[in-house]
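# Summary of structural features
So you can see what is in the structure, the chains are spelled out below.
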Amino acid sequence: MNGSGGEVREAGGPRLVGVGVGPGDPDLVTVKGVKALRSANVVVVPVMEGSGTGRAEATVLHHVSRERIVRVVLALNEREDRARREAAWDAAGERVAGLLRAHGSVAFATIGDPNVYSTFTYLAQTVGELVPEAVVETVPGITAMQDLAARGGAVLTEGKEPLTLVPVTAGMAVLRRALEGPGTVVAYKFGRRAREVAAALRATGRTEGAVWGSALGLPQESIRPAADLEAAPETGPEAAPETGDTGLPYLSTLIAPARRESRGGKL
């Protein structure tokens, strides 16, 4: 499709592009990302079964018309039932493969970056098997840690400091080991285990200067000191991934900056 409603076929064969659309602020979609979304014949957005407009779709709607968007169900909230999760991936891959065959070019919009904890990874593997002649590309996007650093005033790295990104779904032991190290630690997906994260920060002396945020760039945005996590409500597996209806949002991000004693001290 183009601006006049006609469809433009890719001369070089089917093309699937994973486009990172950032954490939620539509102004943080890159110029290249907007071009990729607008030039694709179809824009796919991942959604949970039975859900409304997701974050990726809401961001994309600022840049392309609704009639060019196709929702594809993915088991975004399924972590326990592997068979159900993989069945959803297979079904989504088959749907996108069909769109590629019919329309030639498809953009898949994913929050953050398509190469950082993204559902696009699994989708691209499946589509590559179903449509082996398809070209698969990615357009990088702004990550939540970058946006939180900018909005919360937390410098991610200086000099020789390492930067460690930990999904708290990997377990508290992984986070604790990272916090015991010398560099900045970023924790993703920690909303359901906020009090445990607070305890790990306290035990490793990393609470001071640490900041957490959720819904970055959206009306419900929250950016607060990590010390506030001590008072976070208890949460459980029933919490909704997007809203965290029994506690903090699942997609909360934490930055615990490296310990710094002087300007340029890590050079």
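Residues numbered from 1 in each chain as written. Predicted model: local features only at pLDDT ≥ 70, side-chain atom pairs only at ≥ 80, totals over all residues. Heavy atoms only, no water.

A separate point is helix α4 (residues 120-130). Buried within α4 are the following residues: F120, L123, A124, T126 and V127. Considered in projection along α4, the buried side chains sweep an arc of 165° and stay on one side of the axis. Away from its buried face, by an angle of more than 90 degrees, α4 presents the exposed residues Q125 and E129. Contacts made by the buried residues of α4 are with β1 (15-20), α3 (82-103), β4 (105-110) and β5 (135-139). (Buried < 20%, exposed > 50% of the residue type's maximum accessible area, 1.4 Å probe, protein only. Helix = DSSP H or I, 4+ residues; strand = E, 2+ residues; numbered from the N terminus. Arc of directions from axis to C-beta. Contact = heavy atoms within 4.5 Å.)

If you walk through the whole model with that rule in mind, you get four aromatic pairs. Note on W89 and Y122: the rings are 4.3 Å apart at their centroids and 15° apart in plane angle, and the pair reads as stacked. One end of the pair, W89, is in helix α3; the other, Y122, is in helix α4, and 33 residues separate them in sequence. You can call Y122 partly exposed: its relative accessible area is 35%. Taking the centre distance of 6.3 Å and the plane angle of 90° together, the rings of F190 and W212 count as edge-to-face. Note that F190 is positioned in the loop between β7 (184-188) and α7 (194-203) and W212 in strand β8 (residues 211-214), a separation of 22 residues in sequence. (Phe/Tyr/Trp six-rings, centres within 6.5 Å; stacked < 30°, edge-to-face > 60°.)

Here five strands make up an open sheet; going across it, the order is β3-β2-β4-β1-β5 and the pairing parallel. Both edges of this open sheet fall to β3 (69-73) and β5, since each of them pairs with a single strand only. Across this sheet, the average inter-strand angle for adjacent strands is 25°, counted without regard to direction. Sheet topology note: the strand β2 (residues 42-47)/β3 ladder contains five bridges and is parallel. Considered in β3, the bridge of V43 is made with I69. Against the sheet, α3 makes contact with β1, β2, β3 and β4, and its axis sits at roughly 155° relative to β3, the strand it touches most. (Pairing = 2+ DSSP bridges. Axes fitted to C-alpha atoms, helices over the stretch in contact; angles between N-to-C directions.)

It is worth spelling out the sheet that holds strand β9 (residues 222-225) at this point. The five strands are arranged β6-β7-β10-β8-β9 in an open sheet whose pairing can be described as mixed. What marks the edges here is a single partner per strand, and that holds for β6 (163-167) and β9. Adjacent strand axes in the sheet meet at a mean angle of 15° when their direction is disregarded. As defined by bridge partners, β8 adjoins strand β10 (residues 253-256) across three bridges and the pair is classed as antiparallel. By the bridge assignment, W212 is partnered in β10 with L254.

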